[in-house]
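Chain residues, written in single-letter form:
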Amino acid sequence: MSEPQGSESTTQRLPVIEKAAPEPGQSAADNEPRPALDGEDGRTHRFWSARRVPAAVVATLLLVVAGAFLYDIAAVRADQRAMFWRRELARQLAERPLDDIWVLVGAGVAAALGLWLIVLAATPGLRDVLPMRRTHPDVRAGLHRGAAATVLRDRAMEVSGVQSVRVRMRRRRADVRAISHFRELDHVRADLDDALADAIRALGLSRRPALSVHVRRPGRKG
């Protein structure tokens, strides 16, 4: 998976749904985030992508090229002429100087492909999945950035004075842009800071993203 710039969620004011009361025998603490493992800070590394498509493409290309060379070498060993493409390739490699434009282009393409494979091998990928804090030694959990943006959007819509919210969730930062149609903007921003800070803590992410909140009035119509 390649990295988009962020997961974005937008909404308009909806009817408020009251939170359900705890069931009998269930305390409010049951809904709190579980603590991290004893002796650990709960932080985990990102998930590694299997990258099946690049691996399948590289394996197929290597199989085709190796098979063609193996077949041609076996044919030559059987006293047959080498295929035209291999004779032409050998002639071109022997006659063309190193500063030839096609030699430089081929070397550049090979270097770019090699660098791409090295980057794929050295980076985890799955940038849309945010790792969560580990509360069990045998379980690793992740939260999709789109789902995290939805949670923050819903929490922001509960703040009085907020008309609409747009949340863009990145790996290290959550950008929240809200429109307030009443109340002082400073008061709305302060309430959003508190509500969203609590929401981010409740997500249980391994690395809490920084919070950026912007509040403005709705634009004039006409």
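Above this text is the structure in question.
What counts and what doesn't
- Residues numbered from 1 in each chain as written.
- Predicted model: local features only at pLDDT ≥ 70, side-chain atom pairs only at ≥ 80, totals over all residues.
- Heavy atoms only, no water.
- Helix = DSSP H or I, 4+ residues; strand = E, 2+ residues; numbered from the N terminus.
- Polar contact = N/O pair within 3.5 Å; in protein donor to acceptor, adjacent residues only side chain to side chain.
- Expected span 1.5 Å × (residues − 1).
- Buried < 20%, exposed > 50% of the residue type's maximum accessible area, 1.4 Å probe, protein only.
- Arc of directions from axis to C-beta.
- Contact = heavy atoms within 4.5 Å.
- Phe/Tyr/Trp six-rings, centres within 6.5 Å; stacked < 30°, edge-to-face > 60°.

**Student:** Sorry, what's going on with the environment of Arg170 here?
**Tutor:** By secondary structure assignment, the location of Arg170 is in the loop between strand 4 (162-169) and strand 5 (173-180). In the structure, Arg170 is positioned 43 residues away from Arg127 in sequence and 9.1 Å away in space, judged by C-alpha atoms. Engagement of the side chain of Arg170 in a polar contact is seen with the side chain of Asp175, the distance being 3.2 Å.

**Student:** For this particular structure, what's the right way to read helix 5 (residues 185-203)?
**Tutor:** Note that an α-helix has 3.6 residues per turn; residues three or four places apart therefore point the same way. Taking 1.5 Å per residue, 19 residues should reach 27 Å; helix 5 reaches 26 Å between its end C-alpha atoms and fits that length. Taken residue by residue, helix 5 has Val188, Leu192, Ala195, Leu196, Ala199, Ile200 and Leu203 as its buried positions. All buried residues of helix 5 lie within an arc of 140 degrees about the axis, which places them on one face of the element. Opposite the packed face of helix 5, turned more than 90 degrees from it, sit the exposed residues Asp186 and Asp194. Looking at the buried positions of helix 5, the neighbouring elements they touch are strand 3 (142-144), helix 4 (145-157), strand 4, strand 5 and strand 6 (210-216). Note on helix 5: the residue one or two positions beyond its end, Gly204, has a positive phi of about 70 degrees.

**Student:** For this particular structure, what's the right way to read the packing of aromatic side chains?
**Tutor:** Summed over all chains, the structure comprises 1 aromatic pair. Measuring from centroid to centroid gives 5.1 Å for Phe69 and Trp85, while their planes differ by 85 degrees, and the two rings are edge-to-face. Within this pair, whereas Phe69 is found in helix 1 (residues 52-77), its partner Trp85 is found in helix 2 (residues 84-95), the two being separated by 16 residues in sequence. On the accessibility criterion, Phe69 (31% relative accessible area) is partly exposed. Given the relative accessible area of 33%, Trp85 is considered partly exposed.

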